[in-house]
Amino acid sequence: MDPDIYARISLKKTEDGGRTGPILARDYGCPLFFQNEYELEKHGYDCRLLLSQLGKGIAPGETLAKVPIRVLCPETVIPHLLVGARFQMWEGKVIGHGEVLSIEVRKG
């Protein structure tokens, strides 16, 4: 699966209301809520963090520098997305946040 974006992500610490366990080194789905992006800030967009490509999970309180992410509705999101856009990760509550580092052109 090819990524649409690469992002720096940080999970909240458990004691700050984050997850109680890590996200394992596999593809993980969660909605992203983009902030200060007028066309995108009305609701969340389903995405997959392609942690299997990194071969590394992420624990509460940890930051990963360059996570590949696949957007499940790229035709809606990508035209309005800018490098530097910030987002929140949602799992019934905000569990983390991130920043878009690059936007990839999907091949084929």
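These numbers were taken from a predicted model, which means no experiment stands behind them. (Residues numbered from 1 in each chain as written. Predicted model: local features only at pLDDT ≥ 70, side-chain atom pairs only at ≥ 80, totals over all residues. Heavy atoms only, no water.)

Let's shift gears to the pattern of salt bridges. Using the criterion set out here, one finds five salt bridges in the structure. Between Glu91 and Arg19 there is a salt bridge, and its shortest N-O distance comes to 2.5 Å. Here the residue Glu91 occupies a position in the loop between strand S5 (86-90) and strand S6 (94-103), and Arg19 occupies one in the loop between strand S1 (5-11) and strand S2 (27-35), the gap between them amounting to 72 residues. With a relative accessible area of 34%, Glu91 lands in the partly exposed category. Ionic pairing is found between Glu99 and Arg86, a salt bridge with its closest N-O pair at 3.6 Å. Of the two residues, Glu99 sits in strand S6 while Arg86 sits in strand S5, which places them 13 residues apart along the sequence. (Salt bridge = Lys/Arg side-chain N within 4 Å of Asp/Glu carboxyl O. Helix = DSSP H or I, 4+ residues; strand = E, 2+ residues; numbered from the N terminus. Buried < 20%, exposed > 50% of the residue type's maximum accessible area, 1.4 Å probe, protein only.)

Turning to the packing of aromatic side chains, a few remarks are in order. Applying the stated rule across the entire model yields three aromatic pairs. Summarising the aromatic geometry, the rings of Phe33 and Trp90 are spaced 5.9 Å apart at their centres and angled 65° between planes, so their arrangement reads as edge-to-face. With Phe33 in strand S2 and Trp90 in strand S5, this residue pair connects regions lying 57 residues apart in the sequence. With a centroid separation of 5.8 Å and an interplanar angle of 65°, the aromatic rings of Phe34 and Phe87 are classed as edge-to-face. One end of the pair, Phe34, is in strand S2; the other, Phe87, is in strand S5, and 53 residues separate them in sequence. (Phe/Tyr/Trp six-rings, centres within 6.5 Å; stacked < 30°, edge-to-face > 60°.)

Among the nonpolar cores identified, the biggest contains 26 residues, and Ile9, Phe34, Leu49, Ile69, Phe87 and Met89 are the most heavily contacted of them. When neighbours within four sequence positions are excluded, Ile9 is seen to be in contact with Leu49, Ile58, Glu62, Thr63, Leu64, Val67, Phe87, Met89, His97 and Gly98. (Core = buried A, V, L, I, M, F, W, Y, C linked by side-chain atoms within 4.5 Å. Contact = heavy atoms within 4.5 Å.)

If you trace the backbone, Ser10 turns up in strand S1. A polar atom in the side chain of Ser10 sits 2.7 Å from the side chain of Thr63. In this view, Ser10 contacts Glu62, Thr63, Ile95, Gly96 and His97; residues no more than four positions away in its chain are not counted. (Polar contact = N/O pair within 3.5 Å; in protein donor to acceptor, adjacent residues only side chain to side chain.)

Further remarks concern the pairing of S1. Burial analysis of S1 places six of its seven residues in the buried class, which makes it a mostly covered element. As paired elements, S1 and S6 share seven bridges and run antiparallel to each other. Counterpart to Ile5 in the pairing with S6 is Ile103. (Pairing = 2+ DSSP bridges.)

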